[in-house]
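The residues making up each chain are set out below.
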Amino acid sequence: KDLSFTVLRNDKIAIIGKNGKGKSTLLNLIARELTPVSGSISGNVNLLMGHFGQTNINRLTMENTIEEEIASADPTLGRERVRSICGVMMFSGDLAKKKIKVLSGGERARVLLGKLLAKPTNLLLLDEPTNHLDQESVEALSMELQNYPGAVIIVTHSEGMLRDVATKLVVFHHDRVEF
């Protein structure tokens, strides 16, 4: 209630607060996966949004290899760029040829994050992307988000991610939300 903010081109906004207060709901509203009961959300006509939700790992094609899955996000990417993204997500060399169906939950989350990096976007919405990641993966993601040339809105409890990435905050506390 009574929350208003503008997301600028290079903003890195973290949404923080206790569990159950509405952080994911706010992100899903921005992603247009939910419709606001009141108020409105508007986006630039050139908005290209990528969304990583908490349950997205079930949206992968199980028979694809990691390389094929990441390449499917943007058919115009060359193999070199796809392999580079695989490497950033810690699937270098023959690891990129593993099938999605044999991956752990954390590995599948990394594939999804790689697909977001491969997809043409200028706004990334990330809901707890570090949940299934090891420390090395969290650090790699943090570096990618710092260098990402668009805006990022991230729900996270990771203090490192907040410190390294966030330049603005949406804070849920004391039964209200503030920008």
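This text goes with the structure placed above it.
Residues numbered from 1 in each chain as written. Predicted model: local features only at pLDDT ≥ 70, side-chain atom pairs only at ≥ 80, totals over all residues. Heavy atoms only, no water.

**Topic: unusual backbone geometry**
Rule in force here: Secondary structure elements are taken from DSSP: a helix is a run of H or I of four residues or more, a strand is a run of E of two residues or more, and numbering for both begins at the N terminus.
A positive phi angle, near 70°, is found at Met90, a position not held by glycine. Inspection of the secondary structure assignment puts Met90 in the loop between helix 3 (79–88) and helix 4 (105–118).

**What to know about the sheet that holds strand 6 (residues 176–178)**
To keep it simple, the criterion reads: Two strands are said to pair when DSSP picks up at least two bridges between them. Whenever a helix is involved, its axis is fitted only over the stretch in contact; in every case the axis is a line through C-alpha atoms, and angles between N-to-C directions fall within 0 to 180 degrees.
On the basis of which strands lie adjacent, the open sheet formed by 6 strands has the order 2-3-4-1-5-6 and mixed pairing. Strands with a single pairing partner mark the edges of an open sheet, and in this sheet they are strand 2 (49–52) and strand 6. Pairs of neighbouring strands in the sheet enclose a mean axial angle of 10°, with direction left out of account.

**Regarding the environment of Ala96**
Here is the rule: Here's how the labels work: a residue is buried when its accessible area is under 20% of the maximum for its type, exposed when over 50%, partly exposed in between, all with a 1.4 Å probe on protein chains only.
Here Ala96 lies in the loop between helix 3 and helix 4. Residue class for Ala96 comes out buried when judged on its relative accessible area of 0%. With 36 residues separating them in the primary sequence, Ala96 and His132 have C-alpha atoms 19 Å apart.

**A short note on the pairing of strand 4 (residues 151–155)**
In terms of burial, strand 4 is largely enclosed, as 5 of its 5 residues are buried. Covered by surrounding structure in strand 4 are Ala151, Ile153 and Val155 together with Val152 and Ile154, the residues of both alternating faces. Inspection of the sheet shows strand 1 (residues 12–17) paired to strand 4 by 4 bridges, in the parallel sense. Paired with Ile13 across the bridge in strand 4 is Ile153. Examined bridge by bridge, strand 3 (residues 123–127) and strand 4 share 5 bridges and lie parallel to one another.

**Details of the environment of Gln146**
Position of Gln146 among the secondary structure elements: in helix 5 (residues 135–147). By relative accessible area, Gln146 is classed as partly exposed at 37%. Expressed as a C-alpha distance, the spacing of Gln146 and Lys12, which sit 134 residues apart in the sequence, is 8.1 Å.

**Thoughts on helix 5**
Applied cut-off: Here the expected span of a helix is defined as 1.5 Å times the quantity of residues minus one. This arc is taken over the directions from the axis of the helix to the C-beta atoms. Pairs of residues are marked as contacts when any of their non-hydrogen atoms sit within 4.5 Å.
Taking 1.5 Å of rise per residue, the 13 residues of helix 5 would be expected to cover 18 Å, and the 19 Å separating its terminal C-alpha atoms lies within 8% of that figure. Those residues of helix 5 that sit buried are Ser137, Val138, Leu141, Ser142 and Leu145. Taken down its axis, helix 5 places every buried residue within 140° of arc, on the same side. In helix 5, the exposed residues that point more than 90 degrees away from the buried face are Glu136 and Asn147. The inward-facing, buried residues of helix 5 abut strand 1, helix 4, strand 3, strand 4 and helix 6 (159–165).

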